[in-house]
Amino acid sequence: YMPKPFRTEDLLAMAARWSRRRRPRAASGTALSAPDTADTGASQGAGAAIAALPVLDDSALGYLRTVVPKDRFDALVDEFIALGLETMQQVGAATTAGDMAALGQLGHNIISTAGHCGLKQLSEAGRQLQMAVRAGNDAEAHVAAAAVMAVGPESWETLRSRFHADEHRVVPDTDTGPTDSLRDG
């Protein structure tokens, strides 16, 4: 939690703490059972809820980009992407191992990390994963883990291409004038 108004240095310190690589908690001994291959209406509804969202809402990081020095912002985005890709690997491993506790924690981590980055579809998939694990619904947990794995790579690539597509790209002018001076100062 950070009270407002906040200082840029405090925000960056908090973001650095959030983005430190975390490992899922130790398994509680509960494992996933084999997935039910029947496609349920709930599964279809969950997929539709994800698809209805934009891949990226760049407003939060877009604003941050205007107030943070470029090198610090780039490092933060790189760390978020690295953490996100590592988490994707962990979801795959936890799914293969049938580790329900790890999947629940990973769902929670995805909600947070993807949410901070504005990755709406991935955050929703993480929420569905966490909720399925909390409900003890193995079949839905498998569906949600598959959704995370389906939207994750595109999400992280979208973030990378949006914020690292052109290292010399400037933030577009706004009604109040150019914002580059805010970022570089």
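Scroll up to find the structure this text is about.
Remember, it's a predicted structure, so these values are computed and weren't measured experimentally. (Residues numbered from 1 in each chain as written. Predicted model: local features only at pLDDT ≥ 70, side-chain atom pairs only at ≥ 80, totals over all residues. Heavy atoms only, no water.)

A. Structural view of the overall build of the chain. Across its full length, the chain carries eight helices and zero strands. Ordered by position from N to C terminus, the α and β elements of the chain give α-α-α-α-α-α-α-α. Burial status across the chain gives 43% buried among its 185 residues. Long-range contacts, defined here as pairs at least 24 residues apart, represent 76% of the contacts in the chain between residues at least 6 apart. Taken as a whole, the chain presents about 9,700 Å² of accessible surface, with 57% of it coming from carbon and sulfur. (Helix = DSSP H or I, 4+ residues; strand = E, 2+ residues; numbered from the N terminus. Buried < 20%, exposed > 50% of the residue type's maximum accessible area, 1.4 Å probe, protein only. Contact = heavy atoms within 4.5 Å. Areas by Shrake-Rupley, 256 points an atom, 1.4 Å probe, with all protein chains shown as cover.)

B. Structural view of empty space enclosed by the protein. In total, this model carries one cavity of 30 Å³ or more according to the counting rule given. Size it by volume and the largest cavity reaches roughly 50 Å³. Lining of the largest cavity is provided by Gly84, Thr87, Met88, Asn109, Ile110, Thr113, Ala114, Leu122 and Trp156. Per element, the largest residue contribution to the lining of the largest cavity is four residues, and it comes from helix 5 (residues 100-117). (1 Å grid on protein atoms, 1.4 Å probe; cavity = no way out; pocket = protein on both sides within 12 Å on 5 of 7 lines; lining within 4 Å. Points joined across faces, edges and corners; volume = space filled by probe spheres on them.)

C. View of the packing of helix 3 (residues 59-67) against helix 7 (residues 138-164). In the contact formed by helix 3 and helix 7, the axes pass within 12 Å of each other and the chain directions differ by 30 degrees. One way to sum up the angle between helix 3 and helix 7 is to call them roughly parallel. Helix 3 and helix 7 meet at a crossing whose hand is right-handed. Of helix 7, the residues touching helix 3 (which contributes Leu61, Gly62 and Arg65) are Leu159, Arg162 and Phe163. Of the residues contributing to the contact of helix 3 with helix 7, the split by class is three nonpolar, one polar and two charged. (Axes fitted to C-alpha atoms, helices over the stretch in contact; angles between N-to-C directions. Parallel < 35°, antiparallel > 145°, perpendicular 65-115°, else oblique. Left-handed = near helix turned anticlockwise from the far one by under 90°. Nonpolar A, V, L, I, M, F, W, Y, C, P; charged D, E, K, R; others polar.)

D. Summary view of the side chain of Gln130. Positionally, Gln130 belongs in helix 6 (residues 120-135). Taking relative accessible area as the criterion, Gln130 reaches 11% and is therefore assigned buried. Dropping the residues within four chain positions of it, Gln130 is found in contact with Gly104, Gly107, His108 and Ile111.

E. Structural detail: the nonpolar core. In this structure, Leu119, Leu122, Val148, Trp156 and Leu159 are the most contacted members of the largest nonpolar core, which totals 35 residues. Elements supplying a minimum of two residues to this core: helix 3, helix 4 (70-97), helix 5, helix 6 and helix 7. Per-element tally for this core: the top contributor is helix 7, with nine residues. Dropping the residues within four chain positions of it, Val148 is found in contact with Met88, Val91, Ile110, Leu122, Ala125, Gly126, Leu129 and Pro153. (Core = buried A, V, L, I, M, F, W, Y, C linked by side-chain atoms within 4.5 Å.)

F. Quick look at helix 4. Over its 28 residues, helix 4 extends 40 Å from the first C-alpha to the last, a length consistent with the 40 Å expected when each residue adds 1.5 Å. Count one or two residues on from helix 4 and you reach Gly98, which has phi positive near 70 degrees. (Expected span 1.5 Å × (residues − 1).)

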